[in-house]
Amino acid sequence: MSSRSLEQVTSEINECARRYPEFAQVKKLIEVLFQKQDSLLDKVKVNSEDLKIELLELENKLQNGVPLFASTVVDKELLIKFAEDACEALIETTPQLTENFHMFLEKLKQSIMQKDEVRISDVFSLMQEMEQSKQLERDLTTFFLTFVFSGVIATSLKDTIESIDTKLWEKGICPICGEKPHYGYLKGEGGSRTFDCWLCGCQWGSPRLKCPFCDNVAIDDMGYFTVEDNANCRIYFCKKCNAYHKTFDVREFVQDDVILAIHNLATLSYDLLAQREGFKPGSGLQWVNEEEHRKSAN
Ligand SMILES: [Zn+2]
Ligand SMILES: [Zn+2]
């Protein structure tokens, strides 16, 4: 998501505010965050040697279902710089949480610095560790950290991802970083499904009638629901593993480079709905406020 220009991001934010009325409440915050992030993007320097991969190794990994760059090391200093800026943006728009954000940032810095190295495959457990520290509500933790981690990782891998053809890949997880998807989109005449990785920004094709989390293909166990006033966002669920993900039907959208990360933020009420129905996010990303979820469960 960070590979786009600020202009594209702003126009997508406005588009989402038109499409999803609930987005108006957080629109300002997201604008400020993206503006802050934009000023950091050119600081992301990539050691291209780390990202070199021989064609044979590439094909072997893809055929054997091994994510290509899960073990790539992430620049710790850069993670901290992005986190500091995200923290500033959050304080700017939500000053009543200043102290909480500062404590969260301190804990995050500690956790990062304690590790000899942070590899891409460590990011998710770092998120869980921060969630368990309960410095912030879990949905805010997810929000803060997906922003920071994807900002650094998607930017570092952008050119590499663009140069790689992932059609040999058959798994539900991301072929680049190995994370489980939270959202994807339907496009083209047959409405084929493409996932869009929340962490590294890679897009990969996946059969529409197969659960990306448990590989279930029994159609009777799977389905999707949508909400009357906005059918662009669909919640796909699988009753076998009880997981859901979101898919955006962008077939009638005018612009062809849709920024799904923003559409995801604009439709968090769908996540709440999915969880009310008893499904858990297959990605493991907790986008729903715990208290809200409890309230709705009672
Ligand atoms: Zn990925
Ligand atoms: Zn499943």
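Residues numbered from 1 in each chain as written. Chains lettered and ligands numbered in written order. Predicted model: local features only at pLDDT ≥ 70, side-chain atom pairs only at ≥ 80, totals over all residues. Heavy atoms only, no water.

**Section: the domain arrangement of the protein**
Interfaces are frequently sized by the accessible area removed from exposure as the parts join.
(1) Moving on: Domains assigned within the protein are domain 1 (6-163) and domain 2 (183-297).
(2) Moving on: Each of domain 1 and domain 2 was reduced to a C-alpha centroid, and the two centroids are 20 Å apart.
(3) Moving on: Contact with domain 1, which involves 29 residues of that partner, is made by 32 residues of domain 2.
(4) Moving on: Inspection of the domain 1/domain 2 interface yields zero salt bridges.
(5) Moving on: Inspection of the region where domain 1 meets domain 2 yields eight residue pairs in polar contact (both at pLDDT 80 or more).
(6) Moving on: Broken down by secondary-structure element, the contributors of at least two residues to the side of domain 1 that touches domain 2 are α1 (6-19), α2 (24-40), α6 (123-132) and α7 (138-163).
(7) Moving on: At 11 residues, α7 tops the list of elements feeding residues into the side of domain 1 that touches domain 2. (Domains from an automatic or database assignment. Contact = heavy atoms within 4.5 Å. Salt bridge = Lys/Arg side-chain N within 4 Å of Asp/Glu carboxyl O. Polar contact = N/O pair within 3.5 Å; in protein donor to acceptor, adjacent residues only side chain to side chain. Helix = DSSP H or I, 4+ residues; strand = E, 2+ residues; numbered from the N terminus.)

**Brief notes about the nonpolar core**
(1) Moving on: Counting residues in each nonpolar core, the largest one holds 87 residues, and the members touching the most others are Phe23, Phe143, Phe144, Leu157, Ile176, Leu199 and Cys200.
(2) Moving on: It is α7 that contributes the most residues to this core, 11 residues altogether.
(3) Moving on: Residue assignment places this core across two domains, with domain 1 (6-163) and domain 2 (183-297) each supplying three or more.
(4) Moving on: If we ignore the near neighbours within four places in the chain, the residues touching Cys200 are Ile153, Ala154, Leu157, Ile161, Cys174, Ile176 and Cys177. (Core = buried A, V, L, I, M, F, W, Y, C linked by side-chain atoms within 4.5 Å. Buried < 20%, exposed > 50% of the residue type's maximum accessible area, 1.4 Å probe, protein only.)

**Some details on the pattern of salt bridges**
(1) Moving on: The final tally for this structure, using the stated rule, is 18 salt bridges.
(2) Moving on: As a salt-bridge pair, Glu92 and Lys36 come within 3.7 Å of each other at their nearest N and O atoms. Of this pair, Glu92 sits in helix α4 (residues 76-93) while Lys36 sits in helix α2, placing them 56 residues apart in sequence.
(3) Moving on: A salt bridge links Lys81 to Asp85, with the shortest nitrogen-to-oxygen separation between them at 3.1 Å.

**Here we look at the packing of α1 against α2**
(1) Moving on: Between α1 and α2, whose axes approach to 10 Å, the crossing angle comes to 170 degrees. On the basis of the axis angle, α1 is roughly antiparallel to α2. Between α1, through Leu6, Val9, Ile13, Asn14 and Ala17, and α2, the contact on the second element is made entirely by Lys27, Ile30, Glu31, Phe34, Gln35 and Asp38.
(2) Moving on: For the contact of α1 with α2, the class distribution of residues is six nonpolar, two polar and three charged. (Axes fitted to C-alpha atoms, helices over the stretch in contact; angles between N-to-C directions. Parallel < 35°, antiparallel > 145°, perpendicular 65-115°, else oblique. Nonpolar A, V, L, I, M, F, W, Y, C, P; charged D, E, K, R; others polar.)

**A word on the coordination of the zinc ion (ligand 1)**
(1) Moving on: All of the protein donors around the zinc ion (ligand 1) are Cys174 (SG), Cys177 (SG), Cys197 (SG) and Cys200 (SG); their distances to the metal are 2.3 Å.
(2) Moving on: In this structure, the zinc ion (ligand 1) is surrounded by four donor atoms whose angles at the metal cover 99 to 123 degrees, and the resulting shape is tetrahedral.
(3) Moving on: All donors of the zinc ion (ligand 1) come from a single chain, and their spacing in sequence reads C-x2-C-x19-C-x2-C. Residue Cys177 is found in the loop between α7 and β3 (183-187), and its partner Cys197 is found in the loop between β4 (192-196) and β5 (203-206); the two are separated by 20 residues along the sequence. (Donors = N, O, S within 2.8 Å, 3.2 Å for Na, K, Ca; no water. Tetrahedral: all angles 85-135°; square planar, octahedral: opposite > 155°, others 65-115°.)

**Details of the side chain of Glu15**
(1) Moving on: With respect to the element layout, Glu15 can be found in helix α1.
(2) Moving on: Judged by relative accessible area, Glu15 falls into the buried class, the value being 17%.
(3) Moving on: Reaching out from Glu15, the side chain makes a polar contact with the side chain of Arg19 at a distance of 2.9 Å.

**A word on the coordination of the zinc ion (ligand 2)**
(1) Moving on: The protein atoms donating to the zinc ion (ligand 2) are Cys211 (SG), Cys214 (SG), Cys238 (SG) and Cys241 (SG), with metal-donor distances spanning 2.3 to 2.4 Å.
(2) Moving on: Note that the zinc ion (ligand 2) binds four donor atoms; their angles at the metal cover 107 to 114 degrees, and the shape is tetrahedral.
(3) Moving on: Written as a sequence motif, the donor residues of the zinc ion (ligand 2) are C-x2-C-x23-C-x2-C. A residue pair is termed long-range when its members are at least 10 positions apart, and Cys211 in the loop between β5 and β6 (222-227) and Cys238 in strand β7 (residues 230-238) qualify at 27 residues.
(4) Moving on: Residue class for Cys238 comes out buried when judged on its relative accessible area of 1%.

**Things to note about the packing of aromatic side chains**
(1) Moving on: Under the definition given, this model contains seven aromatic pairs.
(2) Moving on: Considering the side-chain rings of Phe143 and Phe147, the 6.4 Å spacing of their centres and the 45 degrees angle between planes classify their relative orientation as tilted. With Phe143 and Phe147 both in helix α7 and four residues apart, this pair spans about one turn of that helix.
(3) Moving on: Using a relative accessible area of 9% as the deciding quantity, one classes Phe143 as buried. (Phe/Tyr/Trp six-rings, centres within 6.5 Å; stacked < 30°, edge-to-face > 60°.)

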